[in-house]
Amino acid sequence: MYTSYLVGDWIREGEKRKDYTPIDGGFIGYLLYPSEERLREAVHILYEKGRWLIRNTPGEERLEILDNAARMLQEHMDELTEALVYDAGKTYSAAKGEVQASIERLRRAPLDLKKIGGEYIPGDWSIQTLESEGIVRREPYGVVAAITPFNYPLYDTVMKIVSSILPGNAVLLKPSNKDPIAPLMFVKILIEAGFPKESISITLTPGSKLEPVLSDRRIHAVLLTGSSETGKKVLSAAGIKSYLMELGGGDPAIVLKDADLDDAAAKIVKGMISYSGQRCDAIKIILAEKEIYDELKDKILSELKKQVKVGDPRKPDTTVGPLIDSSTVDKAFEAVNQALAHGAKLLYGGTRKGSTYMTPVLLEAEKDILDKLTVYKEEIFAPVTLIVKVDNLDEAIRISNRRKYGLDAAVFSKNVELIRRAIRFLEVGAVYINDYPRHGIGYYPYGGRKDSGIGIEGIGYSINYVTSYKTIVYNYKGAKIWDYLV
Ligand code: NAP
């Protein structure tokens with residue numbers, strides 16, 4: 001039984017859901033979640049007590065707690081890795097990489113602390129404010145709700161918790177119910193590392209049942225990573241608050257005629273298949289200039305043959321493990337078949353291997369049918385990618401910008417002027433030059449535009465959404481401190 005932790009207590013009663021492994025559908029355990037009333041009580045304690053307990057813990061001590069947690073994560077590397085393999089279906093190397101990235105994120109916490117400062121504003125900017133002065137400082141909002149997705153359950157939890165607690169907020173965490181075990185383990189570690197118990201809660205409440213609680217005015221900020229559809233629901237349910245939203249995407253890779261095609265093909269395939277295409281920053285559309293289109297296509301096909309090994313993620317040579325559940329595979333095949341019905345061509349893959357496994361798919365489509373294809377218009381959270389021939393960079397930019405998403409783009413070229421032009425015109429939150437997009441590495445901030453999100457997440461950036469500005473004006477009129485000539 002895996003249970004929710006509310007301000008100091010692992011709860012013992014509530015409703016249950018089941019958790020299965022995507023590896024073979026085996027039952028992992030029950031997930032126990034509290035009633036809405038119990039959750040609201042926890043929000044009350046987070047608001048009345050928890051936010052002050054963490055705010056009154058000196059910054060230096062908060063850093064020490066995070067450092068302790070990093071050390072404990074290192075000690076429990078094997079158990080956390082196993083949890084990610086069984087609960088999320090990751091390969092051992094991907095799971096270990098996620099634990100390592102989480103440790104590094106904790107260790108980089110001092111960089112965030114440096115950004116929580118303020119500004120001094122002299123009053124002599126205007127006649128009305130002479131003999132006064134102001135400071136504008138940041139302070140924690142109070143209670144932050146952090147909602148995380150299934151694809152980086154540990155890293156995303158660590159990212160949101162570090163950014164929220166460093167400036168001194170209490171946190172209500174809601175992990176994905178598809179694989180909540182690693183986040184539960186992290187909260188346990190955080191408490192053992194010395195974090196105030198009444199400043200944190202983690203609830204296994206199903207997402208849809210969380211909406212009424214999110215509208216509680218004692219929750220001041222919401223950090224969400226999830227699909228664009230969930231983002232819209234959360235915005236309308238929670239009302240006026242501070243938001244950081246990392247939403248859906250799927251990225252284009254633009255390959256220009258002067259690019260190193262071997263390098264581009266190897267990286268593009270990695271960007272297509274890593275974690276079975278279940279990444280917001282996975283490459284979903286390849287836009288290649290007509291002069292190199294056929295050559296690039298052949299190289300991508302041979303890279304797919306080289307890199308793809310579908311199978312049980314516990315086997316060391318597997319590179320493409322299961323998808324998170326069978327309905328995700330169903331949706332992927334629906335979209336592939338819809339594309340084929342509209343005239344797209346299957347170049348690679350397309351075999352279902354059991355309930356949660358599939359061979360990655362590469363589809364080829366003419367540019368004039370793109371607007372009819374679900375795989376172009378929507379995010380398919382599976383290893384399904386389109387390759388399209390374009391006349392030039394400007395056409396590639398137009399096709400990228402016509403999508404409702406605007407997360408990242410990759411550009412492969414050696415021509416600095418064309419790269420610079422792509423940077424200027426692409427409507428995305430990040431442009432990766434001669435590499436495939438990847439958010440998890442932690443040092444570079446990421447964030448989407450349009451349906452891909454609000455704000456930018458990363459070291460020194462996320463704190464903007466969990467802190468509020470406060471202006472303080474000191475009035476010394478008549479005290480003769482300043483001798484102005486007025
Ligand atoms: P999801 O279905 O949107 O769920 C994300 C989280 O939101 C889960 O914890 C879920 O809980 C919760 N949730 C669902 N409906 C909710 C509601 N009505 N109110 C409050 N919470 C709700 O996404 P996912 O399938 O876990 O993750 C994949 C998505 O995340 C993709 O679209 C991907 O692009 C996006 N993503 C974006 C980034 C980025 O950096 N932009 C990074 C990673 C992932 P339950 O599990 O209980 O439903």
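Residues numbered from 1 in each chain as written. Predicted model: local features only at pLDDT ≥ 70, side-chain atom pairs only at ≥ 80, totals over all residues. Heavy atoms only, no water.

1. Comments concerning the overall build of the chain
Consideration 1: Secondary structure summary: the chain contains 16 helices and 23 strands in total.
Consideration 2: Here the chain has a C-alpha radius of gyration of 24 Å; the compact-globule value for 486 residues is 23 Å, and the two agree.
Consideration 3: With 486 residues in all, the chain has 55% of them scored as buried.
Consideration 4: Entry remark: accessible area of the chain is about 20,600 Å², with carbon and sulfur atoms responsible for 52%.
Consideration 5: Taking the average location of the 66 positive side-chain charges in the chain and that of its 67 negative ones, the two points are 2 Å from each other. (Helix = DSSP H or I, 4+ residues; strand = E, 2+ residues; numbered from the N terminus. Rg over C-alpha atoms; globule rule 2.2 N^0.38 Å. Buried < 20%, exposed > 50% of the residue type's maximum accessible area, 1.4 Å probe, protein only. Areas by Shrake-Rupley, 256 points an atom, 1.4 Å probe, with all protein chains shown as cover. Lys, Arg positive; Asp, Glu negative; His and termini not counted. Charge placed at Lys NZ, Arg CZ, Asp CG, Glu CD.)

2. Section: the pairing of strand E13 (residues 251-255)
Consecutive residues of a regular strand have side chains that alternate between opposite faces of the sheet.
Consideration 1: E13 sits mainly inside the fold: five of its five residues count as buried.
Consideration 2: In E13, alternate side chains face the same way, and those of Asp251, Ala253 and Val255 on one face and Pro252 and Ile254 on the other are all buried.
Consideration 3: The pairing of E13 with strand E14 (residues 283-289) spans five bridges and is parallel. Looking across to E14, one finds that Val255 is bridged to Ala288.
Consideration 4: As for the winding sense of the linkage, the β-α-β connection from E13 through helix H10 (residues 261-273) to E14 is right-handed.
Consideration 5: Sheet topology note: the E13/strand E19 (residues 408-412) ladder contains three bridges and is parallel. Within E19, the position partnered with Ile254 by the bridge is Val411. (Pairing = 2+ DSSP bridges. Right-handed = clockwise from strand over helix to strand, strands pointing away.)

3. What to know about the side chain of Lys241
Consideration 1: For Lys241, the location among the structural elements is in the loop between helix H9 (228-238) and strand E12 (242-246).
Consideration 2: Despite its burial, Lys241 remains without a salt bridge, the nearest opposite charge being carried by Asp216 at 6.4 Å.
Consideration 3: Here Leu214 takes part through its backbone oxygen, which lies 3.1 Å from a polar atom of the side chain of Lys241.
Consideration 4: A distance of 2.9 Å separates a polar atom in the side chain of Lys241 from the backbone oxygen of Asp216.
Consideration 5: Ignoring anything within four residues of it in the chain, the contact list for Lys241 reads Leu214, Ser215, Asp216, Arg217, Ile219, His220 and Val222. (Salt bridge = Lys/Arg side-chain N within 4 Å of Asp/Glu carboxyl O. Polar contact = N/O pair within 3.5 Å; in protein donor to acceptor, adjacent residues only side chain to side chain. Contact = heavy atoms within 4.5 Å.)

4. Examining the sheet that holds strand E2 (residues 5-6)
Consideration 1: If you trace the eight strands from one edge of the open sheet to the other, you get E3-E2-E10-E9-E8-E11-E12-E22, paired in mixed fashion. Of all the strands in the sheet, the pair left with one neighbour each is strand E3 (9-10) and strand E22 (453-454).
Consideration 2: The sheet contact formed by E2 and E3 spans two bridges and is antiparallel. Its bridge partner lying in E3, Tyr5 is registered against Trp10.
Consideration 3: Of the strands in this sheet, strand E8 (143-147), strand E9 (170-174), strand E10 (200-202) and strand E11 (221-225) touch helix H6 (residues 153-165), which is tilted by about 160 degrees from E11. (Axes fitted to C-alpha atoms, helices over the stretch in contact; angles between N-to-C directions.)

5. Focus: the site of the ligand
Consideration 1: Taken together, 32 residues lie near the ligand, and Thr148, Glu211, Thr230, Leu247 and Glu379 sit nearest.
Consideration 2: Contact distances for the ligand include 2.9 Å between an oxygen atom and a side-chain N or O atom of Lys174.
Consideration 3: Within the side chain of Glu211, one N or O atom sits 2.6 Å away from a nitrogen atom of the ligand.
Consideration 4: Within the complex, the protein chains bury 90% of what would otherwise be the 920 Å² of accessible surface of the ligand. (Near = heavy atom within 4 Å.)

6. Considerations on the side chain of Glu379
Consideration 1: With respect to the helices, strands and loops of the structure, Glu379 is situated in the loop between helix H13 (374-377) and strand E17 (384-390).
Consideration 2: Within the structure, the side chain of Glu379 is placed 3.0 Å from the backbone nitrogen of Gly249, a separation counted as a polar contact.
Consideration 3: Among all residues touching Glu379, those that are not within four sequence positions of it are Gly248, Gly249, Gly250, Cys280 and Tyr405.

7. Considering the environment of Asp368
Consideration 1: Mapped onto the secondary structure, Asp368 falls in the loop between strand E16 (361-364) and H13.
Consideration 2: Taking the C-alpha atoms as reference points, Asp368 and Val388, separated by 20 residues in sequence, lie 10.0 Å from one another.

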